[in-house]
Every structure is written in structure tokens, then in C-alpha cells.
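Summary of structural features
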Amino acid sequence: MSKKIRKPIKKEKDFSSKIVKILSQSANKPFNYKQIAAKLELDDTNSRNQIIKDLKILAAQKKIIETEPGKYLIKAISQDYYEGTIDMTSRKTAYFICPDFAEDVFIPTNNLNRALDKDKVKVYVYNRRKGKRPEGEVIEVIERDKTEFVGVIDIQANFAFVSTANPKMYTDIFIPKDKMGEAENGDVVLVKIEDWPKRADSPFGSVIRVLGKPGEHNTEIHAILAEYGLPADFPVEVEVFAQKIDTSIQESEIAKRRDMRDTLTFTIDPKDAKDFDDALSFKKLENGNFEIGIHIADVSYYLEEGTILDDEAYQRATSVYLVDRVVPMLPEVLSNFACSLRPNEEKYTFSAVFEVSPTSQVINQWFGRTVIYSDQRFAYEEAQYIIETKDNTIPVDISITGESYVVSDEIVEATLKLDELAKILRKKRMQNGAISFDKVEVKFNLDAEGEPEGVYFKISKDANHLIEEFMLLANRKVAEYIGKQKKTFVYRIHDEPNEDKLIAMATVIAKFGYKIDFRNKGDISKSLNALMEEVNGKKEQNLIDTLAIRSMSKAKYSTENIGHYGLAFDYYSHFTSPIRRYPDVMVHRLLQYYLDGGASVDEETYETKCLHCSNMESLATNAERDSIKYMQVKYMQDHQDEEFLGVISGVTEWGIYVEIVSNKCEGMVRIREIKDDYYTFDEKQYALVGATSNSILQLGDEIYVKVKNADLVKKQLDFHFLRRAE
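A brief look at the structure comes next. This one's a predicted model, so the numbers in the text were calculated from it and none came from an experiment.

Parameters and conventions
- Residues numbered from 1 in each chain as written.
- Predicted model: local features only at pLDDT ≥ 70, side-chain atom pairs only at ≥ 80, totals over all residues.
- Heavy atoms only, no water.
- Axes fitted to C-alpha atoms, helices over the stretch in contact; angles between N-to-C directions.
- Helix = DSSP H or I, 4+ residues; strand = E, 2+ residues; numbered from the N terminus.
- Parallel < 35°, antiparallel > 145°, perpendicular 65-115°, else oblique.
- Contact = heavy atoms within 4.5 Å.
- Nonpolar A, V, L, I, M, F, W, Y, C, P; charged D, E, K, R; others polar.
- Buried < 20%, exposed > 50% of the residue type's maximum accessible area, 1.4 Å probe, protein only.
- Salt bridge = Lys/Arg side-chain N within 4 Å of Asp/Glu carboxyl O.
- Pairing = 2+ DSSP bridges.
- Disulfide = S-S within 2.5 Å.
- Polar contact = N/O pair within 3.5 Å; in protein donor to acceptor, adjacent residues only side chain to side chain.
- Phe/Tyr/Trp six-rings, centres within 6.5 Å; stacked < 30°, edge-to-face > 60°.
- Lys NZ or Arg CZ within 6 Å of the ring centre and 35° of its normal.

1. What about the packing of helix α1 (residues 16–25) against helix α3 (residues 45–60)?
- Following both chains from N to C, one finds α1 and α3 inclined at 75°, their axes separated by 10 Å at the closest point. In this view, α1 runs roughly perpendicular relative to α3, as classed from their interaxial angle. On α3, the residues touching Ser 16, Ile 19 and Val 20 of α1 are Ile 51, Asp 54, Leu 55 and Leu 58.
- Of the residues assigned to the contact of α1 with α3, the class counts are five nonpolar, one polar and one charged.

2. Some words on unusual backbone geometry
- If you check the backbone angles, Arg 114 has positive phi at about 75° while not being a glycine.
- On the secondary structure map, Arg 114 appears in the loop between β5 (105–107) and β6 (120–126).
- Backbone geometry places Lys 118, a non-glycine residue, at a positive phi of 70°.
- Mapped onto the elements, Lys 118 comes out in the loop between β5 and β6.
- When its relative accessible area of 46% is taken as the criterion, Lys 118 is described as partly exposed.

3. What to know about the pattern of salt bridges
- Applying the stated criterion across every chain, the model contains 38 salt bridges.
- When the shortest N-O distance is used, the salt bridge between Glu 345 and Lys 347 registers 3.1 Å.
- The exposure class assigned to Glu 345 is partly exposed, which follows from its relative accessible area of 26%.
- A cluster of three or more residues bridged by salt bridges with shared partners is formed by Glu 253, Lys 256, Arg 257, Asp 298 and Arg 369.

4. A closer look at the environment of Phe 681
- Relative to the elements of secondary structure, Phe 681 occurs in strand β31 (residues 679–682).
- Residues Phe 681 and Ile 656, 25 residues apart in the sequence, show an inter-C-alpha distance of 9.8 Å.
- Other than its neighbours up to four places away in sequence, Phe 681 contacts Val 651, Thr 652, Glu 653, Tyr 686, Ala 687 and Leu 688.

5. Points about the sheet that holds strand β13 (residues 258–259)
- Ordered in space as β13-β20-β19-β16-β15-β14-β21, the seven strands form an open sheet in which the pairing is mixed. Strand pairing shows two members of the sheet lacking a second neighbour, β13 and β21 (376–379), which therefore form its edges.
- Helix-sheet contacts for helix α10 (residues 380–389) involve β14 (265–269) and β21, and the interaxial angle to β21 is about 90°.
- In this fold helix α11 (residues 409–431) packs onto β14, β15 (278–284), β16 (290–297) and β21, with an angle of close to 100° to the strand it touches most, β15.

6. Let's talk about the state of the cysteines
- All chains considered together, the criterion is met by zero disulfides.
- Not part of a disulfide, Cys 339 finds its nearest cysteine sulfur in Cys 613, a span of 17 Å.
- The buried category is assigned to Cys 339, whose relative accessible area is 3%.
- Not engaged in a disulfide, the cysteine Cys 613 finds its nearest cysteine sulfur in Cys 610; these two sulfurs lie 6.7 Å apart.
- Owing to a relative accessible area of 3%, Cys 613 belongs among the buried residues under this scheme.

7. Some words on the environment of Asn 166
- One can find Asn 166 in the loop between β9 (159–163) and β10 (173–176).
- We classify Asn 166 as partly exposed; its relative accessible area is 27%.
- As a C-alpha pair, Asn 166 and Thr 247 span 81 residues in sequence and 44 Å in three-dimensional space.
- Among the polar contacts made by the side chain of Asn 166, one reaches the main-chain amide nitrogen of Lys 168 at a distance of 2.9 Å.

8. As for the packing of aromatic side chains
- The tally for this structure, following the rule as stated, stands at 19 aromatic pairs.
- Ring geometry for Phe 350 and Phe 575: centres 5.9 Å apart, planes at 85°, overall edge-to-face. Remark: Phe 575 occurs in the loop between β27 (556–558) and α16 (582–595) and Phe 350 occurs in strand β19 (residues 346–356); sequence separation between them is 225 residues.
- The structure contains a cluster of three or more aromatic residues connected by ring pairs, namely Phe 159, Phe 161, Phe 174 and Phe 204.
- The positively charged end of Arg 316 is found above the aromatic ring belonging to Phe 234, 3.6 Å away from the centroid.
- Over the face of the ring belonging to Tyr 606 we find Lys 609, whose NZ or CZ atom lies 4.9 Å from the ring centre.

In C-alpha cells:
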């Protein structure tokens, strides 16, 4: 007798989570089983019966309410639903960030439900009361953080897909044939997500702009700007509007201002600067004190509120300083000409003028609109030469004119006295608990085509500190003047450091034999300053500087003044760079309005503007960082056959990060590439340990590497491990 074949039992489907999601999306609308089945696009009897069953179970569990026979509603007040933002990982999972939770809530891949990085979402949180780590499911995407993405297009016969290099973007984007525009296969494109149909694995989008071929210089720079939603050019109508502005200096306007054209005035800026925001004036007073003027380009005189030019400047909020170009906040006619405090030209300025004692005490202050005449333009290197040598003949090798020239004794004397006063101001700041971050900046020498010829490091010296201290003085005193009147103002605030990040940093720096004192706020800043001094010039300096900066809170703009921790100021604002920062424009306008006797403005309006400016600053910073990474990869691509000495700057389970000593380029050595032993990651030691030899590769170790792969699109470097440094 043949054996009877048993049919497999069909496992019943559980629609509970989908039912909860549907009811949550329409929190005040009751649904019956037919409406839920229709939403789920189910019309078979088995599925409908299962929905009826699941509805009764959910009601019994008190997760939903039966408002009338057969009609169900999500509980009106539910303690399990929260609003917050998604923070994607590179592993297609995410964390839900919400102030209601001490720790971020984990979201598995299958619970993301079309949410993308930084989207504002509603999440159902479970495992909250069982001693387990809470997990969540996205119930609704409330607001997309961004809908435009940069990627490479892969064109098929009737459709295309765009895949991005962003590790946090876990899906590619489907492009119908009629929405590809002029794109050719393999182009770098900017696409806009337009829809994400329920049953589709990928969102649907259209090509907005073709950026060029991958790896080409201009393509990659424009791709960086597009990735962060930053503009590359000004709209034609904005350029036309700016060109029509009368930028001539009028006697009628001079009459309304304090005339400081006869006071010795000069600028000190980077040698390649085109926009000169600020100038210093210097005069010795009969009482032995000094009159020092900090003169700032009067951008708000030309930039009228309510115009398309002002709207564009506000939307941009900041100039973006990429590795090979500046994307200005204002059109060139203003940024490089009318507002730029160029030598031997009369200019309208907004000034903070101080009477300062020989011990750098501020005796008197005055704020208002002025007209100045800059007698001299210096590069930092030239001013530094004067400070170091006290010589008034600028040598040809550092001269911005290309020739040796003589500086007047008057300007040399002013420079040396300002340097002396700045050093006193700086010393006082440090004693008050300010933190000194003189992080090494990586700069590139570029040829005419924008190709990197060499790398150099920008280091702040006395001339930089001179300008910095007087800009800080103006920013602080302007904020203090308005702040003490208790009127709405735009502050630059900086909160205390994040304790968890400081503890994590302490663990890492202990590997190098350093420590931080956590006992109180003052001890932390003194301890950090001592650390910065101790690591100066050592191989681990850049790594520790970076860790220290990351442990700090981010400075931002706000109408709510909490002071500036890093500078140790109770009041601080940004007054000194209105050509490149919109908050400074707002500060100028508010200061003049209050000087004219105006009442306090609406706080909420300005807080919204502050938030926008902080967000745009963050995007610009990310774009600047990406452009440096891109140029570092490009530079290393041309040095593939060379050996480089590097320092291990990070250790993970998949390999080690190595920073090249000579140029600060960072790349990865995969764990499988290290052939002298079989290595595993030891989390406690923060090191890779060899199974046979027990040899250790840890933070700060010096090793020799060679370039294995330089990916311009992903802006990533992979290295071959060669050997340890002796």
C-alpha cells in the first residue's frame, strides 16, 4: 500500500502589525475588517477571516479599541508611539532618535517601512517593559529630510536605476524611461524621489540634472554641492538685481556716518582671499590708551530686506569653501568688490570702536556705521614677518605683490602694539577657561586645472591670533551690549561638552599615556588645553585633536543665550563676517535697529532663522569636508607606487584606519590584507591581535602602507599593509 502524502499545513498569516500601522496612520478614524482588507489589497476569504481574528486579539490586548460592533480605532493616547528622526547606519538598519529615550531605539531593516536617513517619523516602540533593548517600527514618514540624491545611473532597455555612494542610502532609485532626461548610461546625475508605491522595492524618481562623468573633477565637485542641496551658481535674476545696485560712495551717506577715513587702517587676510570682511584701525590717544576700531563690511546697507537678493542670501545662509573654489553667499559684485574692504578705496563699514588700555582693558566702546579708507592690505605671512622680525621691509618670497616692499613705520608700530594687546586678551581668555583648538588644516597647491600638485598644512601663528582676538572682542562686546538690555538677539552659543564622548575619548587617549580631569567644568578646559599642548607636534596630534573636537558640543545660532563654553564667554555673537555669513547680517540689522531705539523683535521669528542658518552651516561644513577628502584621494591616486609612513588612527573588527603622516590622508587596511599573522579585533584593547604571534596593532602605532585603491566617487582610500615602522 502506497504511503499517503500529507499536504503541508498552511501557516496562517499574522496581519497584526499591518493593522496597527493602518489604524495609526488615521488615528481618529474607525475601520472595519473590510476597509482594512481593502487597504491591504486582500480579497480572499482566508485573509479576511484572519483580519477579523487579529482585530479581536488586538482589542483583547488593549492595543486597539472597538468603538462600535466591528469598528476599531487605535488607542487615542498611546504611550508606545513617538515622533523623532531616523539615523541610518551603513548596515541598512537604523536608530530612532527621540528626546523621550535615554538611548536611541534600534530599528531593524524590515521595520524601516520606506523611512530614509534623517526623516521625521512616527515610530511604534516595543520591548520597553521587558528589560530588553527597545526596538521600533516606523509607522509613518511624517516628513522627508531630503528628496534629491546624487548617484550613477544604470540604464536598461525601458527603465534605469540610480545608485548612490552614500552608505546610509540603502535603496537605489527607479527611473522610468520617460524621466531619464538627457542622461547617458554611467553618468553622475541628480535625481528627485517623487513616489514610493506600496508594493515597490525602490522609490520612483526622475533625473533633474546631469552632472557629468564619474571621476571628472568638475563632476565630483558639483556632485558634492548637489548631494547637500547647495547651489553652484546664482539665478540670473539675482545676478541682474545685484549688478543694478548703486555701489558708489555718496557724500550724503558719508554725512550720516562717523568718518574714520583719516585713521590708520589696514587688513590682514589669507594671501588668496578675495573678500575682505574686516579691517583694523589704530590710533594712540593722549591719555596713553589706544583707540582700536574693528571695521566690518556694511553688507546690510546694500542687502535690503524683502528683495530677491536678500532671499537668496538667507536661503544660502553661508559661503561654502570647497577645496578648489568658493561658492559665495553674495554675488561677486558685492562679495569681492562693493563690500570688500580693499586697499586704497573708501568703504562703508559697521564698526565696533574701543578705547583700550595698555593692559587690554576696554575703557569705552562705540558701535555704529562708519566710512573708512584702508591704507594697506597684508597677507598673514607678511604680518607674521613684521611680528617676528620687527622689520619693515617685506621680502620677495612672502610678498603678495611679488616684489620686496617697505611698510611705513606707523603701520609696523601699530601691528606690533596690536599683537602685544592681542596676546594679553588671549592669555585672559585661557585663564577664564577658553579651549585652544589649533587643529592642523590640510591645504592643497592646485595647478590651473585644479589638479593637486602638493599638500601643505595651515598653522595658526601670532598674526592669525591677532586678528582672531580682536574679532572675538567685537563679537563678544556687541552680544553683551544687546544681551544686557534683555532684547531678542542672534547669539552664537556653545554648550558644555558631552560627558559620554569625553569618557570615550579618555579611554582612547589613555592608550597614548594621556588623561583628562573630569572633576569640574574648569578642570575639563584646563585639562584639554594641557593635552593640546602636550600632543603638539607628535604623531598622534591630529587624531587626538579630532577626538577632542568631536567630544565638544556643536556651536550653533540661537536667540536663547547660554554663553559660549569653548571661548569662555557669557555673551557671544557673530558680527564680523557678513559677506560670508547671514547671521552676521541679522546681527548688523538688529544692532542698528536697537541703536535707533527699537523695541525687542519677535523671538520666535528669529529662532526659526537661527535654526535655518545652523542647518545650512552644517551642510556647508560637510560639503567642505567631502571636498577635502575627494582631493586627498585624488592626490594619493597620483602616488600609488610610493611607500608612506602612517599612524593607526582607528581600529575596527574589519580593519585599521591609517593616517599618512606627511599629508593627513586617511585610508583603510582591511584585516584580511595583513598577511604576517591571523588577526582578530580585541574590543577591550581597541587593537588587532595576532593569533600566532600575539603581536598587537593598536592606535598610534606607526606602519608603512601603499595605496591599493583610490575611489574618487566614494572618496575612499584602501591601503596595502607593508610592515611596521622600526
